[in-house]
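# Summary of structural features
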Amino acid sequence: MQSCCRGAAFARPLVVLALAGVGLAAGCGGDNVDVMITDVGDRQAAVIREVRAANGLGLQETKLLLTGVPSTIVEDVPREEGERLERRLERAGATVELD
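Residues numbered from 1 in each chain as written. Predicted model: local features only at pLDDT ≥ 70, side-chain atom pairs only at ≥ 80, totals over all residues. Heavy atoms only, no water.

### Quick notes on the pattern of salt bridges
Rules: Only one rule defines a salt bridge in this text: a Lys or Arg side-chain nitrogen within 4 Å of an Asp or Glu carboxyl oxygen. For the purposes of this entry, the term helix denotes a DSSP run of H or I that reaches at least four residues, the term strand denotes a run of E that reaches at least two, and both are numbered from the N terminus. We call a residue buried when its accessible area falls under 20% of the maximum for its residue type, exposed when it is over 50%, and partly exposed in between, using a 1.4 Å probe and counting protein chains only.
All chains considered together, the criterion is met by 2 salt bridges. With a shortest N-O distance of 3.3 Å, D31 and R79 are connected by a salt bridge. Residue D31 is located in the loop between α1 (2-27) and β1 (32-39), and its partner R79 is located in helix α4 (residues 79-92); the two are separated by 48 residues in the primary sequence. The partly exposed category is assigned to R79, whose relative accessible area is 30%.

Pasting the structure below:
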């Protein structure tokens, strides 16, 4: 029994240090951005698919979000993640801005 408790007590600080390192690495990239669609384009189904994958909304919510363009798809994400999403949405046919 004691060895189990000692192992857990030893592992806990390591987990905290690992999580702190991940937080620092994510924060070193610079600022956070908002990803905004300004035009859906001709391939609306492909854009809907990418938006649903990005923010986990249902089909109806995504369609409503895209009817009122320009609209913010995701807010306050790291710049690298925002640029990846921007490339995916542009490949799907949308016009995208990062704020």
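Right, picking up where we left off after that structure.
### Some details on the packing of helix α2 (residues 44-55) against helix α3 (residues 59-67)
Geometrically, a packed helix pair is captured by the angle between its two axes and the distance between the axes. Using the following cut-off: All axes here are fitted lines through C-alpha atoms, helices being fitted over the stretch that makes contact, and every angle between N-to-C directions spans 0 to 180 degrees. Roughly parallel means an angle under 35 degrees; roughly antiparallel, over 145; roughly perpendicular, 65 to 115; everything else is oblique. Rotating anticlockwise by less than a right angle from the far helix to the near helix defines a left-handed crossing, while the corresponding clockwise rotation defines a right-handed one. Every residue pair with non-hydrogen atoms within 4.5 Å of one another is taken to be in contact. Amino acids are sorted into nonpolar (Ala, Val, Leu, Ile, Met, Phe, Trp, Tyr, Cys and Pro), charged (Asp, Glu, Lys and Arg) and polar (every other residue, Gly among them).
Interaxial distance between α2 and α3 falls to 10 Å at its minimum, and their mutual angle equals 110°. The orientation of α2 relative to α3 falls into the category roughly perpendicular. Between α2 and α3 lies a crossing whose hand is right-handed. Every residue of α3 that contacts α2 at V47, I48, V51, R52 and N55 is listed here: L59, T62, K63, L65 and L66. Of the residues assigned to the contact of α2 with α3, the class counts are 6 nonpolar, 2 polar and 2 charged.

### Considering the nonpolar core
We count it as follows: Definition used in this section: a nonpolar core is a set of buried Ala, Val, Leu, Ile, Met, Phe, Trp, Tyr and Cys residues joined via side-chain atoms within 4.5 Å.
Counting residues in hydrophobic clusters, the biggest one holds 17 residues, and the most contacted among them are V35, I37, V47, V51, L66 and L89. Counting residues per element, the ones that place at least two in this core are β1, α2, β2 (71-78) and α4. Residue contacts for L89: discarding those within four places in its chain leaves V35, I37, V47, E50, V51, A94 and V96.

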